Amino acid sequence: MMRLLFLLLTLTFTLGLGQSMASAEFYEFETAEQERRFNQLTGELRCPKCQNQTIADSDAPLSQDMRQRVYEMIMAGNTNAEIIDFMKVRYGDFVHYRPPVNRSTLILWFGPLLAFLIGIIVIVINVRMRRNDAEAELTAEEEARLRAVMAAGDSNESKKEEHTN
Amino acid sequence: MSPKLRLAFFLMPLVLFLLVAVFLFKGLFSDPTRLDSALVGREVPQFELPDLYQPDVTHDNRIIGTRPLLINVWATWCPTCYAEHTFLNQLLAEEQVYIIGLNYKDDSRGAAVRWLQNLGDPYAINLFDETGLLALDLGVYGAPETYVVDQHGVILYRHVGDLNERVWRQEVGPIYYRAMRDAGLPIPEHRRELVL
(Lines give C-alpha, C1' and ligand atoms only; values in the text may rest on other atoms or scores of the structure.)
Protein backbone atom coordinates (compact mmCIF):
# COMPACT_ATOMS: atom_id res chain seq x y z
CA MET A 1 0.00 0.00 0.00
CA MET A 2 2.75 2.41 0.99
CA ARG A 3 4.56 1.43 -2.15
CA LEU A 4 1.62 2.24 -4.35
CA LEU A 5 1.18 5.59 -2.66
CA PHE A 6 4.85 6.38 -3.15
CA LEU A 7 4.67 5.46 -6.82
CA LEU A 8 1.61 7.61 -7.36
CA LEU A 9 3.21 10.58 -5.63
CA THR A 10 6.38 10.23 -7.70
CA LEU A 11 4.39 10.06 -10.91
CA THR A 12 2.29 13.09 -9.99
CA PHE A 13 5.31 15.24 -9.28
CA THR A 14 7.46 14.22 -12.22
CA LEU A 15 4.66 14.52 -14.76
CA GLY A 16 3.62 17.87 -13.32
CA LEU A 17 7.16 19.24 -13.53
CA GLY A 18 7.63 18.08 -17.08
CA GLN A 19 4.63 19.97 -18.29
CA SER A 20 5.08 23.27 -16.54
CA MET A 21 5.78 26.12 -18.94
CA ALA A 22 8.65 28.35 -18.05
CA SER A 23 6.71 31.56 -18.17
CA ALA A 24 3.31 32.80 -17.22
CA GLU A 25 2.36 34.12 -20.62
CA PHE A 26 -1.12 33.64 -21.87
CA TYR A 27 -2.02 33.17 -25.49
CA GLU A 28 -5.57 33.16 -26.71
CA PHE A 29 -6.40 30.94 -29.66
CA GLU A 30 -9.48 30.77 -31.84
CA THR A 31 -9.39 27.01 -32.35
CA ALA A 32 -8.00 24.02 -30.48
CA GLU A 33 -6.03 23.19 -33.63
CA GLN A 34 -4.12 26.49 -33.41
CA GLU A 35 -3.26 25.81 -29.78
CA ARG A 36 -2.09 22.30 -30.62
CA ARG A 37 0.13 23.67 -33.41
CA PHE A 38 1.53 26.34 -31.09
CA ASN A 39 2.46 23.74 -28.50
CA GLN A 40 3.95 21.48 -31.15
CA LEU A 41 6.04 24.21 -32.78
CA THR A 42 7.36 25.76 -29.58
CA GLY A 43 8.33 22.25 -28.49
CA GLU A 44 10.24 21.71 -31.74
CA LEU A 45 12.16 24.97 -31.94
CA ARG A 46 15.37 25.36 -30.03
CA CYS A 47 16.28 28.47 -28.08
CA PRO A 48 19.51 29.80 -29.68
CA LYS A 49 20.53 31.44 -26.40
CA CYS A 50 20.06 28.53 -24.00
CA GLN A 51 20.91 25.78 -26.36
CA ASN A 52 19.49 22.71 -24.68
CA GLN A 53 16.01 24.04 -24.23
CA THR A 54 13.08 24.41 -26.54
CA ILE A 55 11.53 27.84 -26.78
CA ALA A 56 8.55 26.40 -24.89
CA ASP A 57 10.79 25.51 -21.95
CA SER A 58 13.06 28.52 -21.94
CA ASP A 59 12.49 31.69 -20.00
CA ALA A 60 15.05 33.72 -21.97
CA PRO A 61 13.72 36.98 -23.42
CA LEU A 62 14.72 35.74 -26.84
CA SER A 63 12.48 32.68 -26.42
CA GLN A 64 9.61 34.92 -25.38
CA ASP A 65 10.06 36.91 -28.58
CA MET A 66 10.18 33.73 -30.63
CA ARG A 67 7.06 32.33 -28.97
CA GLN A 68 5.33 35.63 -29.64
CA ARG A 69 6.37 35.44 -33.30
CA VAL A 70 5.18 31.83 -33.60
CA TYR A 71 1.87 32.86 -32.08
CA GLU A 72 1.49 35.80 -34.46
CA MET A 73 2.33 33.67 -37.48
CA ILE A 74 -0.15 30.96 -36.48
CA MET A 75 -2.89 33.55 -36.02
CA ALA A 76 -1.97 35.09 -39.38
CA GLY A 77 -2.57 31.71 -41.02
CA ASN A 78 1.02 30.65 -41.76
CA THR A 79 1.67 26.92 -42.09
CA ASN A 80 4.03 25.01 -39.80
CA ALA A 81 6.57 24.72 -42.61
CA GLU A 82 6.48 28.47 -43.21
CA ILE A 83 7.06 29.21 -39.53
CA ILE A 84 9.95 26.76 -39.28
CA ASP A 85 11.52 28.17 -42.45
CA PHE A 86 11.12 31.68 -41.08
CA MET A 87 13.13 30.70 -38.00
CA LYS A 88 15.70 28.74 -40.01
CA VAL A 89 16.43 31.70 -42.28
CA ARG A 90 17.28 33.75 -39.19
CA TYR A 91 18.87 31.29 -36.80
CA GLY A 92 20.05 28.51 -39.11
CA ASP A 93 19.11 24.82 -39.21
CA PHE A 94 20.26 24.70 -35.62
CA VAL A 95 17.01 26.26 -34.44
CA HIS A 96 14.94 23.22 -35.40
CA TYR A 97 15.25 20.11 -33.27
CA ARG A 98 14.83 17.92 -36.36
CA PRO A 99 18.05 18.56 -38.30
CA PRO A 100 18.04 18.18 -42.09
CA VAL A 101 20.25 15.60 -43.77
CA ASN A 102 23.36 17.33 -45.08
CA ARG A 103 27.12 16.93 -44.94
CA SER A 104 27.61 18.07 -41.37
CA THR A 105 24.71 16.01 -40.02
CA LEU A 106 25.52 12.80 -41.90
CA ILE A 107 27.15 11.25 -38.85
CA LEU A 108 24.15 12.17 -36.74
CA TRP A 109 21.71 10.45 -39.06
CA PHE A 110 23.75 7.45 -40.14
CA GLY A 111 26.15 7.00 -37.21
CA PRO A 112 23.87 4.55 -35.37
CA LEU A 113 23.32 2.57 -38.57
CA LEU A 114 27.08 2.47 -39.12
CA ALA A 115 27.68 1.23 -35.57
CA PHE A 116 25.02 -1.43 -36.12
CA LEU A 117 26.63 -2.59 -39.39
CA ILE A 118 30.07 -2.76 -37.79
CA GLY A 119 28.55 -4.88 -35.01
CA ILE A 120 26.99 -7.26 -37.52
CA ILE A 121 30.27 -7.59 -39.42
CA VAL A 122 32.20 -8.32 -36.23
CA ILE A 123 29.70 -11.01 -35.23
CA VAL A 124 29.72 -12.63 -38.67
CA ILE A 125 33.51 -12.72 -38.80
CA ASN A 126 33.70 -14.04 -35.28
CA VAL A 127 31.22 -16.85 -35.93
CA ARG A 128 33.02 -17.80 -39.13
CA MET A 129 36.37 -17.92 -37.41
CA ARG A 130 35.02 -20.33 -34.78
CA ARG A 131 33.38 -22.54 -37.34
CA ASN A 132 36.60 -22.70 -39.33
CA ASP A 133 38.48 -23.75 -36.23
CA ALA A 134 35.96 -26.47 -35.44
CA GLU A 135 35.95 -27.92 -38.92
CA ALA A 136 39.68 -27.73 -39.42
CA GLU A 137 41.05 -30.92 -40.90
CA LEU A 138 44.15 -32.46 -39.44
CA THR A 139 47.19 -33.23 -41.51
CA ALA A 140 48.45 -36.80 -41.58
CA GLU A 141 51.24 -35.91 -39.19
CA GLU A 142 48.86 -34.29 -36.69
CA GLU A 143 46.56 -37.28 -36.87
CA ALA A 144 49.43 -39.62 -36.06
CA ARG A 145 50.34 -37.49 -33.02
CA LEU A 146 46.74 -37.40 -31.90
CA ARG A 147 46.56 -41.21 -32.09
CA ALA A 148 49.80 -41.53 -30.13
CA VAL A 149 48.55 -39.19 -27.38
CA MET A 150 45.25 -41.00 -27.13
CA ALA A 151 46.96 -44.38 -26.99
CA ALA A 152 49.23 -43.14 -24.17
CA GLY A 153 46.16 -41.89 -22.32
CA ASP A 154 44.49 -45.27 -22.68
CA SER A 155 47.46 -47.15 -21.30
CA ASN A 156 47.60 -44.76 -18.33
CA GLU A 157 43.96 -45.40 -17.67
CA SER A 158 44.47 -49.16 -17.73
CA LYS A 159 47.46 -48.82 -15.39
CA LYS A 160 45.34 -46.85 -12.93
CA GLU A 161 42.71 -49.51 -13.11
CA GLU A 162 45.30 -52.15 -12.33
CA HIS A 163 46.39 -50.24 -9.23
CA THR A 164 42.91 -49.81 -7.88
CA ASN A 165 42.24 -53.44 -8.50
CA MET B 1 40.78 -16.19 -43.04
CA SER B 2 43.89 -14.72 -44.57
CA PRO B 3 46.47 -13.22 -42.17
CA LYS B 4 45.92 -9.76 -43.71
CA LEU B 5 42.19 -9.85 -43.02
CA ARG B 6 42.85 -11.13 -39.55
CA LEU B 7 45.23 -8.25 -38.90
CA ALA B 8 42.68 -5.73 -40.18
CA PHE B 9 40.08 -7.34 -37.94
CA PHE B 10 42.22 -7.02 -34.86
CA LEU B 11 43.27 -3.44 -35.70
CA MET B 12 39.68 -2.30 -36.13
CA PRO B 13 39.10 -1.39 -32.45
CA LEU B 14 42.31 0.64 -32.43
CA VAL B 15 41.31 2.51 -35.58
CA LEU B 16 37.84 3.18 -34.18
CA PHE B 17 39.38 4.38 -30.93
CA LEU B 18 41.69 6.77 -32.77
CA LEU B 19 38.83 8.18 -34.83
CA VAL B 20 36.72 8.81 -31.75
CA ALA B 21 39.72 10.25 -29.90
CA VAL B 22 40.42 12.76 -32.69
CA PHE B 23 36.74 13.70 -32.85
CA LEU B 24 36.50 14.28 -29.10
CA PHE B 25 39.83 16.08 -28.96
CA LYS B 26 38.61 18.55 -31.55
CA GLY B 27 35.47 18.98 -29.50
CA LEU B 28 37.57 20.23 -26.60
CA PHE B 29 38.44 23.36 -28.53
CA SER B 30 35.16 24.10 -30.26
CA ASP B 31 32.74 26.58 -28.78
CA PRO B 32 29.23 25.12 -28.76
CA THR B 33 27.65 28.53 -28.17
CA ARG B 34 29.12 29.85 -31.41
CA LEU B 35 26.60 29.73 -34.22
CA ASP B 36 27.30 30.59 -37.81
CA SER B 37 24.87 33.18 -38.97
CA ALA B 38 22.31 31.90 -41.42
CA LEU B 39 22.35 35.34 -43.01
CA VAL B 40 25.95 35.40 -44.23
CA GLY B 41 25.83 36.01 -47.99
CA ARG B 42 22.38 37.56 -47.82
CA GLU B 43 21.33 41.17 -47.83
CA VAL B 44 20.48 42.93 -44.61
CA PRO B 45 16.73 42.34 -44.04
CA GLN B 46 14.22 45.10 -44.72
CA PHE B 47 13.77 47.41 -41.75
CA GLU B 48 12.36 50.73 -40.70
CA LEU B 49 13.46 51.91 -37.28
CA PRO B 50 13.44 55.20 -35.38
CA ASP B 51 16.60 57.09 -34.58
CA LEU B 52 17.79 56.71 -31.01
CA TYR B 53 18.10 60.45 -30.37
CA GLN B 54 15.18 61.68 -32.48
CA PRO B 55 12.04 59.53 -32.18
CA ASP B 56 10.41 61.22 -35.18
CA VAL B 57 13.25 60.38 -37.58
CA THR B 58 13.16 56.90 -39.11
CA HIS B 59 15.90 55.04 -40.92
CA ASP B 60 15.46 52.24 -43.45
CA ASN B 61 17.63 50.11 -45.75
CA ARG B 62 18.84 53.18 -47.62
CA ILE B 63 21.45 53.76 -44.90
CA ILE B 64 23.00 50.42 -45.87
CA GLY B 65 24.67 49.44 -49.11
CA THR B 66 26.56 52.68 -49.61
CA ARG B 67 29.88 51.56 -48.13
CA PRO B 68 31.34 48.75 -46.00
CA LEU B 69 30.19 49.08 -42.41
CA LEU B 70 29.66 47.34 -39.11
CA ILE B 71 26.30 46.89 -37.42
CA ASN B 72 26.88 46.63 -33.70
CA VAL B 73 24.06 45.26 -31.53
CA TRP B 74 24.15 46.61 -27.98
CA ALA B 75 22.09 47.46 -24.93
CA THR B 76 22.66 49.09 -21.56
CA TRP B 77 21.64 45.87 -19.75
CA CYS B 78 24.54 44.06 -21.39
CA PRO B 79 27.77 44.05 -19.32
CA THR B 80 29.91 42.82 -22.21
CA CYS B 81 28.72 45.77 -24.27
CA TYR B 82 30.16 48.04 -21.58
CA ALA B 83 33.48 46.23 -21.81
CA GLU B 84 33.41 46.55 -25.58
CA HIS B 85 32.51 50.22 -25.74
CA THR B 86 36.00 51.62 -25.24
CA PHE B 87 37.28 49.57 -28.15
CA LEU B 88 34.46 50.82 -30.41
CA ASN B 89 35.41 54.41 -29.51
CA GLN B 90 38.97 53.57 -30.39
CA LEU B 91 37.93 52.08 -33.77
CA LEU B 92 36.24 55.37 -34.62
CA ALA B 93 39.01 57.62 -33.33
CA GLU B 94 41.98 55.77 -34.79
CA GLU B 95 40.60 54.03 -37.88
CA GLN B 96 37.40 55.91 -38.76
CA VAL B 97 35.47 52.63 -38.89
CA TYR B 98 31.89 53.24 -39.93
CA ILE B 99 29.62 51.64 -37.32
CA ILE B 100 25.83 51.62 -37.18
CA GLY B 101 24.59 51.07 -33.64
CA LEU B 102 21.53 48.89 -33.14
CA ASN B 103 20.19 49.46 -29.67
CA TYR B 104 18.46 46.17 -28.89
CA LYS B 105 15.47 45.97 -26.54
CA ASP B 106 16.88 48.44 -24.09
CA ASP B 107 15.27 49.35 -20.80
CA SER B 108 14.48 52.82 -22.05
CA ARG B 109 15.49 55.30 -24.69
CA GLY B 110 16.75 57.61 -21.96
CA ALA B 111 19.07 55.00 -20.50
CA ALA B 112 20.59 54.35 -23.91
CA VAL B 113 21.10 58.05 -24.69
CA ARG B 114 22.68 58.62 -21.26
CA TRP B 115 25.04 55.71 -21.86
CA LEU B 116 26.27 57.24 -25.12
CA GLN B 117 26.62 60.68 -23.54
CA ASN B 118 28.70 59.30 -20.69
CA LEU B 119 30.83 56.79 -22.56
CA GLY B 120 31.06 58.45 -25.96
CA ASP B 121 29.18 57.68 -29.17
CA PRO B 122 31.18 55.62 -31.68
CA TYR B 123 28.19 55.16 -34.00
CA ALA B 124 27.61 56.99 -37.25
CA ILE B 125 23.88 56.21 -37.03
CA ASN B 126 21.96 55.02 -33.99
CA LEU B 127 18.94 52.75 -34.50
CA PHE B 128 16.48 52.19 -31.68
CA ASP B 129 15.02 48.66 -31.88
CA GLU B 130 12.67 48.65 -28.92
CA THR B 131 10.90 45.35 -29.65
CA GLY B 132 13.79 43.53 -31.30
CA LEU B 133 12.21 43.62 -34.78
CA LEU B 134 15.36 43.98 -36.86
CA ALA B 135 17.32 41.94 -34.32
CA LEU B 136 14.98 38.98 -34.82
CA ASP B 137 15.29 39.28 -38.59
CA LEU B 138 19.07 39.37 -38.22
CA GLY B 139 19.03 36.27 -36.01
CA VAL B 140 20.51 38.09 -33.03
CA TYR B 141 20.63 35.75 -30.04
CA GLY B 142 22.69 37.75 -27.61
CA ALA B 143 24.40 41.07 -27.28
CA PRO B 144 26.89 42.26 -28.24
CA GLU B 145 26.92 41.04 -31.82
CA THR B 146 28.66 42.67 -34.74
CA TYR B 147 27.80 42.23 -38.42
CA VAL B 148 30.15 43.14 -41.24
CA VAL B 149 28.22 44.43 -44.25
CA ASP B 150 29.81 45.19 -47.63
CA GLN B 151 29.16 48.09 -50.00
CA HIS B 152 26.25 46.23 -51.63
CA GLY B 153 24.46 45.66 -48.33
CA VAL B 154 25.36 41.96 -48.15
CA ILE B 155 26.25 40.49 -44.76
CA LEU B 156 29.80 39.11 -44.85
CA TYR B 157 30.29 37.99 -41.26
CA ARG B 158 28.75 37.87 -37.85
CA HIS B 159 30.76 38.00 -34.64
CA VAL B 160 29.05 37.09 -31.37
CA GLY B 161 30.68 38.54 -28.27
CA ASP B 162 32.70 41.66 -27.73
CA LEU B 163 35.03 43.27 -30.21
CA ASN B 164 38.54 43.78 -28.92
CA GLU B 165 42.01 44.16 -30.37
CA ARG B 166 42.53 40.41 -30.74
CA VAL B 167 39.15 39.72 -32.39
CA TRP B 168 39.55 42.77 -34.62
CA ARG B 169 43.02 41.77 -35.75
CA GLN B 170 42.27 38.08 -36.27
CA GLU B 171 38.62 37.82 -37.27
CA VAL B 172 36.59 40.90 -38.01
CA GLY B 173 39.13 43.49 -39.13
CA PRO B 174 40.46 41.53 -42.13
CA ILE B 175 36.90 41.00 -43.44
CA TYR B 176 35.99 44.66 -42.98
CA TYR B 177 39.18 45.95 -44.59
CA ARG B 178 38.96 43.52 -47.50
CA ALA B 179 35.50 44.95 -48.17
CA MET B 180 37.01 48.46 -47.86
CA ARG B 181 39.67 47.56 -50.40
CA ASP B 182 37.05 46.12 -52.77
CA ALA B 183 35.07 49.35 -52.44
CA GLY B 184 38.19 51.35 -53.24
CA LEU B 185 38.23 53.10 -49.86
CA PRO B 186 41.37 53.97 -47.88
CA ILE B 187 42.79 51.64 -45.23
CA PRO B 188 44.78 53.13 -42.30
CA GLU B 189 48.51 52.58 -42.48
CA HIS B 190 48.76 50.40 -39.36
CA ARG B 191 45.94 48.08 -40.56
CA ARG B 192 47.28 47.41 -44.08
CA GLU B 193 48.76 44.12 -42.88
CA LEU B 194 45.25 42.77 -42.24
CA VAL B 195 44.41 42.57 -45.93
CA LEU B 196 47.71 41.21 -47.18
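See the structure printed just above.
Residues numbered from 1 in each chain as written. Chains lettered and ligands numbered in written order. Predicted model: local features only at pLDDT ≥ 70, side-chain atom pairs only at ≥ 80, totals over all residues.

## What to know about the interface of chain B and chain A
Part 1 of the argument: Every contact between the two is made by 14 residues of chain B and, on the other side, 16 residues of chain A.
Part 2 of the argument: Split by residue class, the side of chain B that touches chain A holds seven nonpolar, four polar and three charged. (Contact = placed C-beta atoms within 7 Å. Nonpolar A, V, L, I, M, F, W, Y, C, P; charged D, E, K, R; others polar.)

## Side note on the pairing of strand β6 (residues 145–149) of chain B
Residues and elements named next belong to chain B.
Part 1 of the argument: In terms of burial, β6 is largely enclosed, as five of its five residues are buried.
Part 2 of the argument: A two-sided burial pattern is seen for β6, the buried positions comprising Glu 145, Tyr 147 and Val 149 on one face and Thr 146 and Val 148 on the other.
Part 3 of the argument: Across five bridges, the pairing between strand β3 (residues 69–74) and β6 is antiparallel. When the sheet's bridge partners are listed, Leu 70 is paired in β6 with Val 148.
Part 4 of the argument: Direction of pairing for β6 relative to strand β7 (residues 155–160): antiparallel, over a ladder of five bridges. Across the sheet, Tyr 147 pairs through a bridge with Arg 158, a residue of β7.
Part 5 of the argument: Taken together, β6 and the strand that follows it, β7, pair antiparallel across an intervening segment of five residues, in which Gly 153 is found at a positive phi of about 85°. (Buried ≥ 20, exposed ≤ 12 C-beta atoms within 10 Å, placed from the backbone. Helix = DSSP H or I, 4+ residues; strand = E, 2+ residues; numbered from the N terminus. Pairing = 2+ DSSP bridges.)

## As for the sheet that holds β6 of chain B
In a beta sheet, neighbouring strands pair by backbone hydrogen bonds and run either parallel or antiparallel.
Residues and elements named next belong to chain B.
Part 1 of the argument: Strand order in the open sheet formed by five strands is β5-β4-β3-β6-β7, and the pairing between neighbours is mixed. Every interior strand has two partners, whereas the edge strands, β5 (125–129) and β7, have only one. Going from strand to strand, the sheet's axes swing by 20° on average, the running direction of each strand aside. (Axes fitted to C-alpha atoms, helices over the stretch in contact; angles between N-to-C directions.)

## Regarding helix α2 (residues 79–95) of chain B
Residues and elements named next belong to chain B.
Part 1 of the argument: In a regular helix each residue adds 1.5 Å, so 17 residues correspond to 24 Å; α2 covers 25 Å between its end C-alpha atoms and thus fits that length.
Part 2 of the argument: Most pronounced at His 85, the bend in α2 amounts to some 35°.
Part 3 of the argument: Among the residues of α2, Cys 81, Glu 84, His 85, Leu 88 and Leu 91 are the ones counted as buried.
Part 4 of the argument: Next to the buried residues of α2 lie β3, β4 (99–104) and α3 (109–119).
Part 5 of the argument: Gln 96 sits one or two positions beyond α2 and adopts a positive phi of about 50°. (Expected span 1.5 Å × (residues − 1). Bend = angle between axes of the 7 residues up to and from the residue.)

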